[in-house]
Amino acid sequence: MGCKVDTLIERHAPTVPDPGYESVDEYLVARWTGADGRSADGYKALTEWFNKRLLKRMYEEHGRDVVSVHLDREYEVITGDEDIQRDELAADLAGDGLDIDELRTALVSWSTMRHHLKGCLEAEKDTSPAETDWEANTVRMARERAAEKAQSVLSSLTSKGRLQDADQARVDVQVKLSCPDCSVRVPFEDAVERGYVCNTHSEPDSEDPVLDRVRNQWSAIALPYTVVATLRTVLFGDVFLAEAVAFGAL
């Protein structure tokens, strides 16, 4: 017999943002263990991710707007203790046939997520110490967050009939750096690996040529402004040039 997570997956069929995974369980294990080559996530981060995906599906089942920026805010209210905001949201949810207390009860705790991963799925995690690369991890997390927000927007546009089959599109977010003196553009990862953005215009005497030589400019193609703004704020502040690209592969 499965646990609460199993029951919720079977009942509501939440989805994963990456089409490379066949199930929610596969995605959870990969994110927890870091088996996909990315930095591993903890129980609390995975619990919040799962709860928001679950809440999104429950909203969709009742025809409620699932734009990510609204979902994040409402999730905080549902799980928080602000009585005034909670009462206002409860009344709004009731209009869509949703009960705020039932929603909160449906959400899982981090201990339930731990049991699901280690008990139900029998997943094991390498706990040996490893070098951390917080800069690259920050870029990765910002890209994932931007992609999830864009996917939510596409789902909303599809449900409103404004963009046909947009929810089936694959969203890809890239971060690129641009030389301030020429047209050279390179992926963030490549620039970090080799230590410069542009070989011709790099300054070897600079304390950090990558930071010093990149202008604070942004270009966005096919992503909503809120997604780009979130990526910019979370990722770099006022340092890098980043390019976020979303494309559909139906």
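Residues numbered from 1 in each chain as written. Predicted model: local features only at pLDDT ≥ 70, side-chain atom pairs only at ≥ 80, totals over all residues. Heavy atoms only, no water.

(A) Structural detail: the overall build of the protein chain. Along the protein chain, the regular secondary structure elements total eleven helices and four strands. Split into buried and exposed, the 250 residues of the protein chain put 40% on the buried side. (Helix = DSSP H or I, 4+ residues; strand = E, 2+ residues; numbered from the N terminus. Buried < 20%, exposed > 50% of the residue type's maximum accessible area, 1.4 Å probe, protein only.)

(B) Representation of the layout of surface pockets in the model. Reported here for the largest pocket is a volume of approximately 590 Å³. Lining the largest pocket we find 23 residues, and of these E48, W49, K52, R145 and E148 sit closest to its centre. Listed by contribution, the elements that provide at least two residues to the lining of the largest pocket are helix 2 (24–33), helix 3 (43–61), helix 4 (68–79) and helix 8 (134–159). A per-element tally of the lining of the largest pocket places helix 8 first, with nine residues. The residue inventory of the lining of the largest pocket, partitioned by class, reads seven nonpolar, three polar and 13 charged. In this structure, the second largest pocket spans a volume of roughly 500 Å³. As for the second largest pocket, its lining consists of 21 residues, and the residues nearest its centre are D18, R38, E144, A147 and V171. Taken together, the elements giving at least two residues each to the lining of the second largest pocket come down to helix 8 and helix 9 (188–194). In terms of residue count, the dominant contributor to the lining of the second largest pocket is helix 8 (eight residues). Each residue belonging to the lining of the second largest pocket can be placed in one class, and the counts come to ten nonpolar, one polar and ten charged. (1 Å grid on protein atoms, 1.4 Å probe; cavity = no way out; pocket = protein on both sides within 12 Å on 5 of 7 lines; lining within 4 Å. Points joined across faces, edges and corners; volume = space filled by probe spheres on them. Nonpolar A, V, L, I, M, F, W, Y, C, P; charged D, E, K, R; others polar.)

(C) Quick look at helix 8. Taking 1.5 Å as the rise per residue, helix 8 with 26 residues should run 38 Å; its terminal C-alpha atoms sit 37 Å apart, in good agreement. After helix 8 finishes, the residue G161 shows a positive phi value of roughly 75 degrees. (Expected span 1.5 Å × (residues − 1).)

(D) Up close: the packing of aromatic side chains. For the structure on display, the rule yields four aromatic pairs. The rings of Y21, Y27 and W49 are connected pair by pair, giving a single aromatic cluster. A cation over a ring is seen here: R64 above Y59, with NZ or CZ 5.2 Å from the ring centre. (Phe/Tyr/Trp six-rings, centres within 6.5 Å; stacked < 30°, edge-to-face > 60°. Lys NZ or Arg CZ within 6 Å of the ring centre and 35° of its normal.)

(E) A look at the nonpolar core. Formed by 35 residues in total, the largest nonpolar core has its most connected members in F50, Y59, I78 and L103. Among the elements of the structure, helix 1 (4–12), helix 2, helix 3, helix 4, helix 5 (83–94), helix 6 (100–106) and helix 7 (110–120) are those that each provide at least two residues to this core. Counting residues per element, this core draws most heavily on helix 3, which supplies eight residues. Once you skip the residues sitting within four places of it in the chain, F50 turns out to touch V5, L8, I9, P14, V24, V108 and M113. Judged by nonpolar contacts, the second largest core, of nine residues, contains V139, L177, A191 and C198. (Core = buried A, V, L, I, M, F, W, Y, C linked by side-chain atoms within 4.5 Å. Contact = heavy atoms within 4.5 Å.)

(F) Representation of the pattern of salt bridges in the model. Applying the stated criterion across every chain yields a total of 16 salt bridges. R64 serves as the salt-bridge partner of D92, at 2.6 Å between the closest nitrogen and oxygen. Taken as a pair, D92 in helix 5 and R64 in the loop between helix 3 and helix 4 lie far apart in primary sequence, 28 residues in all. Since its relative accessible area comes to 42%, D92 is described here as partly exposed. Judged by relative accessible area, R64 falls into the buried class, the value being 9%. For D96, the salt bridge is made with R64, and the minimal N-O distance between the two is 2.6 Å. Within this pair, whereas D96 is found in the loop between helix 5 and helix 6, its partner R64 is found in the loop between helix 3 and helix 4, the two being separated by 32 residues in sequence. Within this structure, R64, R73, E74, D92 and D96 form a network of salt bridges that share partners. (Salt bridge = Lys/Arg side-chain N within 4 Å of Asp/Glu carboxyl O.)

(G) Representation of helix 7 within the structure. Those residues of helix 7 lying buried are M113, H116 and L117. Taken end-on, helix 7 shows its buried residues confined to a sector of 90 degrees, consistent with a single buried face. On the buried face of helix 7, the contacting elements are helix 1, helix 2 and helix 3. Looking one or two residues beyond helix 7, the residue adopting positive phi is E122, at roughly 55 degrees. (Arc of directions from axis to C-beta.)

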